[in-house]
Amino acid sequence: MAVNIYDTANQLEKELRNTEEFTRLEAAFGAVKEDEEASRVFNEFRQVQQTIQQKQMMGQEISEEEAVQAQEVSTKISQNEIITKLLEAEKQVGQMIDDINQVVLKPVRELYQ
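Residues numbered from 1 in each chain as written. Predicted model: local features only at pLDDT ≥ 70, side-chain atom pairs only at ≥ 80, totals over all residues. Heavy atoms only, no water.

With that settled, the discussion passes to the overall build of the chain. Along the chain, the regular secondary structure elements total 5 helices and 0 strands. Taken against the 2.2 N^0.38 rule, which gives 13 Å for 113 residues, the C-alpha radius of gyration of the chain at 19 Å runs more than 25% over that of a compact globule. Seen through its C-alpha atoms, the chain measures out along the principal axes to roughly 60 × 35 × 20 Å. Residue burial in the chain is summarised as follows: out of 113 residues, 19% are buried. Within the chain, residue pairs in contact and separated by at least 24 positions form 67% of the contacts whose partners lie at least 6 positions apart. Taking the average location of the 12 positive side-chain charges in the chain and that of its 22 negative ones, the two points are 3 Å from each other. (Helix = DSSP H or I, 4+ residues; strand = E, 2+ residues; numbered from the N terminus. Rg over C-alpha atoms; globule rule 2.2 N^0.38 Å. Buried < 20%, exposed > 50% of the residue type's maximum accessible area, 1.4 Å probe, protein only. Contact = heavy atoms within 4.5 Å. Lys, Arg positive; Asp, Glu negative; His and termini not counted. Charge placed at Lys NZ, Arg CZ, Asp CG, Glu CD.)

Within this structure, the stated rule accounts for 8 salt bridges. Across the pair glutamate 66 and lysine 55 runs a salt bridge, and its minimum N-O distance is 3.1 Å. Residue glutamate 66 is located in helix H4 (residues 64–78), and its partner lysine 55 is located in helix H3 (residues 36–57); the two are separated by 11 residues in the primary sequence. Between lysine 85 and glutamate 81 there is a salt bridge, with the nearest N and O atoms lying 3.5 Å from each other. In this pair, lysine 85 and glutamate 81 both sit in helix H5 (residues 81–112), 4 residues apart, roughly one turn of the helix. Given the relative accessible area of 54%, glutamate 81 is considered exposed. (Salt bridge = Lys/Arg side-chain N within 4 Å of Asp/Glu carboxyl O.)

Core analysis: the biggest nonpolar cluster contains 16 residues, and Leu25, Val32, Phe42, Ile77, Ile83 and Leu86 have the highest contact counts within it. Taken together, the elements giving at least two residues each to this core come down to helix H2 (20–34), H3, H4 and H5. For this core, the element with the most residues is H3, which contributes 6 residues. With sequence-adjacent residues up to four places away left out, leucine 86 is seen in contact with Leu25, Ala28, Phe29, Val32 and Phe42. (Core = buried A, V, L, I, M, F, W, Y, C linked by side-chain atoms within 4.5 Å.)

Moving on to the packing of H2 against H3. It is the contact of H2 with H3, at a shortest axis distance of 5 Å, that shows an interaxial angle of 105°. It follows that H2 is roughly perpendicular to H3 by the angle criterion. In this structure, H2 contributes Phe29, Val32, Lys33 and Glu34 to the contact, and H3 contributes Glu36, Ala38, Ser39 and Phe42. For the contact of H2 with H3, the residue count by class is 4 nonpolar, 1 polar and 3 charged. (Axes fitted to C-alpha atoms, helices over the stretch in contact; angles between N-to-C directions. Parallel < 35°, antiparallel > 145°, perpendicular 65-115°, else oblique. Nonpolar A, V, L, I, M, F, W, Y, C, P; charged D, E, K, R; others polar.)

With 13 residues, helix H1 (residues 5–17) extends 19 Å between its outermost C-alpha atoms, agreeing within 8% with the 18 Å of an ideal straight helix rising 1.5 Å per residue. If you check the start of H1, you find a side-chain oxygen 2.9 Å away from the backbone N of tyrosine 6, and it comes from asparagine 4. (Expected span 1.5 Å × (residues − 1). Polar contact = N/O pair within 3.5 Å; in protein donor to acceptor, adjacent residues only side chain to side chain.)

Turning to the side chain of threonine 19, a few remarks are in order. Following the sequence through the fold, threonine 19 ends up in the loop between H1 and H2. Among the polar contacts listed, one links the side chain of threonine 19 to the backbone oxygen of leucine 16, at a separation of 2.9 Å.

All quantities given are derived from atomic positions and should not be read as evidence of function.
Put into structure tokens, the structure is as follows:
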């Protein structure tokens, strides 16, 4: 019997959406979108993060001003309970995906050992 690994991947995607971790992430993201202040701070955080990542990928130095801005946004994030709940939920989903990735890549790792 032939296995269609893409069917398995699509089934995994459906099951991921039904996990408690993803449901918490979805709810936490909805809470951020509904709260005007949390949404504004979170969007600022994402913009600063994206700018810094782009500079790092291009091998450019981060300016003092950008470092200060990143620190200020980080402080705002840590003081906003709605956003910290979102980040914790993201962390949990990320850990679950990392765990799944380890399982999926096991045959390749074993091949090269």
